[in-house]
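Structural characterization, general
Letter by letter, the chains look like this.
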Amino acid sequence: MQRTLFSFQADLFNTTEEKDDYFNPGNHGQDAAAWLAKRLQEQGATVGKVDQEDYGWYFFFTCDDQELCLVIGYRPGIQEPALWVGWVERKIALWKAPFVNRRQGIAPAALTRVHEVLQAEKGISNVRWHDYRDFEKGQEEGAPEPFGPQ
């Protein structure tokens, strides 16, 4: 089983300071996305600029000749350290988006790189990988790696 949605806990990134350019209040994650982009680039991925969505931050990157998108955002709550949720999906032309599952067919090397980057950072804990459908149903225990049995 391939899991493309990940979560982790860290107090390394901004969760309190509101920025003037946020689309929505509390749209934290710009520094988390920039950090991930930089680390993936150091691992050999070609990385685009970090940009904002309504629900978080994203950047495009290429791994094994596959164009992908990583989305990440802060999940407000009572967790200490802060809880971050992100996912990797294939980059798809906008007109194809309704017809294609962007979470399928992702190069295993891309998920492995994201996993290794997260695991290598001492300030990050509780890295979990989730099946997207299970996560949407509130089943958030996940697994310790992006591949294999739950």
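Located above this text is the structure these notes cover.
Let me sum up the structure you'll find in this document. Nothing here was measured: the structure is a model prediction, and the numbers come from that model.

So, on to unusual backbone geometry. If you check the backbone angles, Asp64 has positive phi at about 50° while not being a glycine. Within the element layout of this structure, Asp64 appears in the loop between β4 (56–63) and β5 (66–75). With a relative accessible area of 54%, Asp64 lands in the exposed category. Notably, Asp65 is not glycine yet its phi reads approximately 65°, a positive angle. Here Asp65 is to be found in the loop between β4 and β5.

This paragraph deals with the state of the cysteines. With the rule as written, the count across this model stands at 0 disulfides. The thiol sulfur of Cys63 is not disulfide-bonded, and the nearest other cysteine sulfur, from Cys69, lies at 14 Å. Residue class for Cys63 comes out buried when judged on its relative accessible area of 1%.

It is worth spelling out the side chain of Asn27 at this point. In this fold, Asn27 is placed in the loop between β1 (5–10) and α1 (30–42). Separated by 2.7 Å, the side chains of Asn27 and Gln52 make a polar contact. When residues no more than four places from it in sequence are discounted, the contact partners of Asn27 are Tyr22, Gln52, Glu53, Asp54, Tyr55, Gly56 and Trp57.

For any pair of aromatic rings, the description consists of the separation of the ring centres together with the inter-plane angle of the planes. Considering all chains together, one arrives at 9 aromatic pairs under this definition. Between Trp87 and Tyr132, the aromatic rings sit 6.2 Å apart at their centres with planes inclined by 85°, giving edge-to-face as the arrangement. Of the two residues, Trp87 sits in strand β6 (residues 83–90) while Tyr132 sits in helix α3 (residues 132–136), which places them 45 residues apart along the sequence. Under the relative-accessibility criterion, Tyr132 is labelled buried at 19%. In textbook terms, an aromatic cluster arises when at least three aromatic residues are bridged by ring pairs, as seen for Phe13, Trp35, Tyr74 and Trp84.

Calculation criteria
Residues numbered from 1 in each chain as written. Predicted model: local features only at pLDDT ≥ 70, side-chain atom pairs only at ≥ 80, totals over all residues. Heavy atoms only, no water. Helix = DSSP H or I, 4+ residues; strand = E, 2+ residues; numbered from the N terminus. Buried < 20%, exposed > 50% of the residue type's maximum accessible area, 1.4 Å probe, protein only. Disulfide = S-S within 2.5 Å. Polar contact = N/O pair within 3.5 Å; in protein donor to acceptor, adjacent residues only side chain to side chain. Contact = heavy atoms within 4.5 Å. Phe/Tyr/Trp six-rings, centres within 6.5 Å; stacked < 30°, edge-to-face > 60°.

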